[in-house]
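# Understanding the architecture of this molecule
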Amino acid sequence: MSSESKAAIAAALAEARERTLSLVEPLDDEQLNTVYSPILSPLAWDLGHIANFEELWLVQRIGGREPLHGELGRFYDAIENPRKIRGELPILRDAELRAYLADVRERTLEVLDGVEIGPDAEDRLLRDAFVYEMLLAHELQHNETMLQLLQLVEGYELPPSIASERDSSRTGGTSEQMVRIEGEEHEIGAPDRGFAYDNERPRHAVELDAFEIDRTPVTNGAYIGFMEETGAEPPLYWERDGEGWVDTARGRRDPVDPAHPVIHVTWDQADAFARWAGKRLPTEFEWEAASPRLDGVGHGWEWTSSDFLAYPGFEAFPYREYSEVFFGGEYKVLRGGSWATHPRVIRPSFRNWDLPQRRQIFSGYRCARDA
Ligand SMILES: [Fe+2]
């Protein structure tokens, strides 16, 4: 691969890092180390984990070098260290943490200089720069987890570029229009080439019956109607304010705009809404088959009725802990992306997943029904 492609990778790595650092720029070390919620890591852990994942894959694995801090990496293993204990781990903090991020990056760029990353690269990790795309996606996905936590930080102001991404993604609509998708075979999953996670492969044909799906995600206004009629719980961060509702994320009290897509709802809330509306949640295959004709993707992840399962012929790559250990009936699949998701991460085959009772994620939904 040309040095131009390497320069593009280096630039993308720099852009991702700038975004990461812009998120924590307004915070002091104490805030970085604070555990705000048992289901979210302190930001210092996320930062160290971002650097450690980079060190592990791009410096140790690809570059064959020794780690900078010996056994430290085990405290950044996401499976070994559940979120609720991450605040107590002997992780790097403050100046040491910032130095680690910078030192790893320096080594990463040295290693990048000397590797072959073309389509014919022998190591599958390097072929088409897979491991670099994985690293970029990882850092950007952690940006989103960090933004989930930042919703809990009183007075936190979003970096201007991210605030404008959020505002421009709020293309709400109040129409209840549905799109009809014909019953036929649809190709589901990511093609063989290019970057995608193992859980998106292999691409395979799925036979779908004809169905209809909402053209736009469900709005705050529609959700308020549902709450008023059924007594359902409000989304996370909403509080009653006189006759209306306010969004209290980041300690603010922003009036809820009825035209915006609803977010911070659980799968259970979304599912109950759909039944109330005489509809149902789409399956993830229906969502993907309809995605070329769907508007409004990208403000909130969209819950589907599907459990997070392996596709037929699934092969874990490059490590079991990204997807395989989560397969089963416990997690529900979300599709699309949210305002906190970097565009590089959004693609029709991308599968996100979470527990049905969770709503710290930026989760919304749209409904479907049999045609
Ligand atoms: Fe991670």
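Residues numbered from 1 in each chain as written. Predicted model: local features only at pLDDT ≥ 70, side-chain atom pairs only at ≥ 80, totals over all residues. Heavy atoms only, no water.

Read across the open sheet, the three strands follow the order 1-4-12; overall the sheet is antiparallel. Bordering the open sheet on either side are strand 1 (178–181) and strand 12 (368–370), each of which pairs with just one other strand. Taken over all neighbouring pairs, the strand axes of this sheet differ in orientation by 25° on average, direction set aside. Pairing between strand 4 (residues 211–214) and strand 12: three bridges, direction antiparallel. Note that in strand 12 the partner of Glu212 across the bridge is Arg369. (Pairing = 2+ DSSP bridges. Helix = DSSP H or I, 4+ residues; strand = E, 2+ residues; numbered from the N terminus. Axes fitted to C-alpha atoms, helices over the stretch in contact; angles between N-to-C directions.)

The next thing to look at is the pattern of salt bridges. A full pass over the atoms with the stated rule returns 31 salt bridges. The salt bridge partner of Asp29 is Arg98, with a shortest N-O separation of 3.4 Å. Here Asp29, found in helix 2 (residues 29–33), pairs with Arg98, found in helix 4 (residues 94–113); they are 69 residues apart in sequence, far enough to count as distant. Arg335 is the partner of Glu288 in a salt bridge, and the nearest nitrogen-oxygen pair spans 2.9 Å. Taken together, the residues span a long stretch of sequence, with Glu288 in helix 9 (residues 284–290) and Arg335 in strand 9 (residues 332–335) at a distance of 47 residues. (Salt bridge = Lys/Arg side-chain N within 4 Å of Asp/Glu carboxyl O.)

Before going further, it helps to spend a moment on the pairing of strand 3 (residues 204–208). Residues His204, Val206 and Leu208 point to one face of strand 3 and are all buried, whereas Ala205 and Glu207, pointing to the other face, are not buried. The pairing of strand 2 (residues 184–188) with strand 3 spans five bridges and is antiparallel. Bridging from a neighbouring strand, Glu185 pairs with Glu207 of strand 3. (Buried < 20%, exposed > 50% of the residue type's maximum accessible area, 1.4 Å probe, protein only.)

The iron ion binds to the protein through His49 (NE2), His138 (NE2) and His142 (NE2); the donor distances cover 2.1 to 2.2 Å. Motif for the iron ion, donor spacing along one chain: H-x88-H-x3-H. A residue pair is termed a helical-turn pair when its members lie 3 or 4 positions apart in one helix, as His138 and His142 do in helix 5 (residues 130–150) at four residues. (Donors = N, O, S within 2.8 Å, 3.2 Å for Na, K, Ca; no water.)

Backbone hydrogen bonds are what pair the strands of a sheet, in a parallel or an antiparallel way. Taken in spatial order, the three strands line up as 5-6-7 in an open sheet, and their pairing is antiparallel. Of all the strands in the sheet, the pair left with one neighbour each is strand 5 (238–241) and strand 7 (254–255). Bridge count between strand 6 (residues 244–247) and strand 7: two bridges; the pairing is antiparallel. Looking at strand 7, one finds that Asp247 is bridged to Asp254.

In terms of nonpolar packing, the biggest core is built from 59 residues, with Val131, Tyr132, Trp303 and Tyr365 touching the most fellow members. Going through the elements one at a time, helix 1 (3–24), helix 3 (43–61), helix 4, helix 5, helix 7 (220–230), helix 8 (267–276), strand 8 (301–307) and strand 9 are the ones with two or more residues in this core. Other than its neighbours up to four places away in sequence, Tyr132 contacts Ile9, Leu58, Ile62, Val111, Leu112, Val115, Ile117 and Leu126. In terms of nonpolar packing, the next biggest core, distinct from the first, is built from 35 residues, Leu47, Leu89, Leu147 and Ile263 among them. (Core = buried A, V, L, I, M, F, W, Y, C linked by side-chain atoms within 4.5 Å. Contact = heavy atoms within 4.5 Å.)

Read these as geometric descriptors, not functional statements.
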